[in-house]
Amino acid sequence: MERDLTRGSIGKSILLFSIPMILGNLLQQFYNVVDTYIVGKYIGSEALAAVGSSYTLMTFLTSILIGLCMGSGILFSMYFGAKKYEKMKISFFVSFVSIGILSIVLEVVCFILLKYILIWLQIPKGIYHQTYQYLQIIFIGIFFTFIYNYFASMLRALGNSKVPLFFLGIAALVNVALDIVFVLYFHLGVSGAAFATIISQAISALGLAFYVLFFKKDILPERKHYLFDQQIFKKLKDYSLMTCLQQGIMNFGILMIQGLVNSFGIAVMSAFSAAVKIDSFAYMPVQDFGNAFSTFVAQNKGAKQEKRIQQGLKVASIMALIFCIFISLGVCLYSKELMMLFISKKQMNIIQIGMTYLKTEGSFYIGIGCLFLLYGYYRGVGKMKMSLILTIVSLGTRVVLAYLLAPLFGVEMIWWAIVIGWLLADSLGIIYGVKKEKWLKG
């Protein structure tokens, strides 16, 4: 099932590789949406606000592990493209041990500091207990997040994006079923939604791990590869830490926005919780397309096919542009109907807040689509610092503008700050690409 992205039709190669990744994350978003739907409809707006603010925190924490695994995956792809299989297997071992230890440390620290984290996030007293209760359970799944993303990154680096999708699909179905059972039948409240999530995470993580261990033994490190090679570790550190820092900054900025949103009260928190899920669901395909493009670039970088990379950039840009136009139209035209999936008609004030968010963000999905492609390109060619700089510009702009303008002109300025951040980062990434990467001459 491995796919060599250094040969064949460029558009077809990127698309076929990206489709399972897109479907996988759509499934992941789907069971996040199911949590939101069931909690919002059957427990109440306070529970929805608690789960929503928890989701933002967990996205930040898991982004650290996902970033480390993604960064390692870039080096895996380069070794695979260059056919340096021995080094690739050593990098598998070094990466697994290093990130595994960090994931355990992260989990322990989260349990110890949970009380202080909630205070920093300005969680209102009315939902403090539910948020604390939900996160205590959710934190158990941090290690499962590492296991799944490590083995998914390993397989995707080799061009196999179908198997991770399969196990994620099983997890999504389990999560939906357990949400219904725990919340609707056992009446466990937010704890039920949390238990459903971590059980489904465990199933996808352990299932994927067992698949690799039993059916893909040929790609696994052998005893001779159990070396802590300093040169490989340095490369992994450079790629992984930069990608981790990028993901961490990205989601830390989102977390700071969540803290600002929380200061506007439970109605805005509830609207934001629902709208962010819709927003994430809408642009998730182009985000995964960017990640797939990154693997394409990395494999071809390892194979020293620079011209193919330049051609791939043009093809990927056209495909992403077409998708963003269609999804923008859909979200803007049906913002009310989308919000009503999560919020009762009786709470029209919350629906209106969410509609404003969706119409503002949705009109500019081309901005985030372009940014994901830029991230993918610069990661794939090994210019992690440039990818990080774009993240800092995007997130720094949105946080600074939001905190400066929202207290003066209202919560809508938070939504506009996000859009402005996207567009500024896009401009910088394109200008650098034209001048330094010689895109127009490619």
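Residues numbered from 1 in each chain as written. Predicted model: local features only at pLDDT ≥ 70, side-chain atom pairs only at ≥ 80, totals over all residues. Heavy atoms only, no water.

### What about the side chain of Ser-328?
Then comes step 1: Structurally, the position occupied by Ser-328 is in helix 10 (residues 306–333).
Then comes step 2: Apart from residues no more than four positions distant in its own chain, Ser-328 is found in contact with Gly-362, Ser-363 and Tyr-365. (Helix = DSSP H or I, 4+ residues; strand = E, 2+ residues; numbered from the N terminus. Contact = heavy atoms within 4.5 Å.)

### Digging into a nonpolar patch on the surface
Then comes step 1: There is a patch of nonpolar side chains on the surface, built from Phe-96, Val-97, Ile-101, Ile-104, Val-105, Val-108, Val-109, Ile-112, Leu-113, Tyr-116 and Ile-119 and spanning about 980 Å² of accessible area.
Then comes step 2: If you trace the backbone, Tyr-116 turns up in helix 3 (residues 85–120).
Then comes step 3: Residue classification places Tyr-116 among the exposed positions, given a relative accessible area of 53%. (Patch = residues over 30% accessible without salt bridge, like charges linked within 9 Å, V, L, I, M, F, W, Y side chains within 5 Å. Areas by Shrake-Rupley, 256 points an atom, 1.4 Å probe, with all protein chains shown as cover. Salt bridge = Lys/Arg side-chain N within 4 Å of Asp/Glu carboxyl O. Buried < 20%, exposed > 50% of the residue type's maximum accessible area, 1.4 Å probe, protein only.)

### Quick look at the pattern of salt bridges
Any two side chains of opposite charge can pair, given that their charged atoms come close.
Then comes step 1: If you walk through the whole model with that rule in mind, you get 4 salt bridges.
Then comes step 2: Among the ionic pairs, Glu-306 bridges to Lys-301, the shortest N-O distance being 3.6 Å.
Then comes step 3: Take Glu-306: its relative accessible area is 39%, and that puts it in the partly exposed class.
Then comes step 4: Among the residues examined, Lys-301 registers a relative accessible area of 30% and is labelled partly exposed.

### Digging into unusual backbone geometry
Then comes step 1: In the Ramachandran plot, His-187 falls in the positive-phi region, its phi being about 55 degrees despite a non-glycine side chain.
Then comes step 2: Locating His-187 in the fold gives a position in the loop between helix 6 (162–185) and helix 7 (189–215).
Then comes step 3: Look at Lys-438: it is not a glycine, yet its phi comes out positive at around 60 degrees.
Then comes step 4: Looking at the element boundaries, Lys-438 is found in the segment after helix 15 (412–436).
Then comes step 5: Exposure remark for Lys-438: the relative accessible area of 42% places this residue in the partly exposed category.

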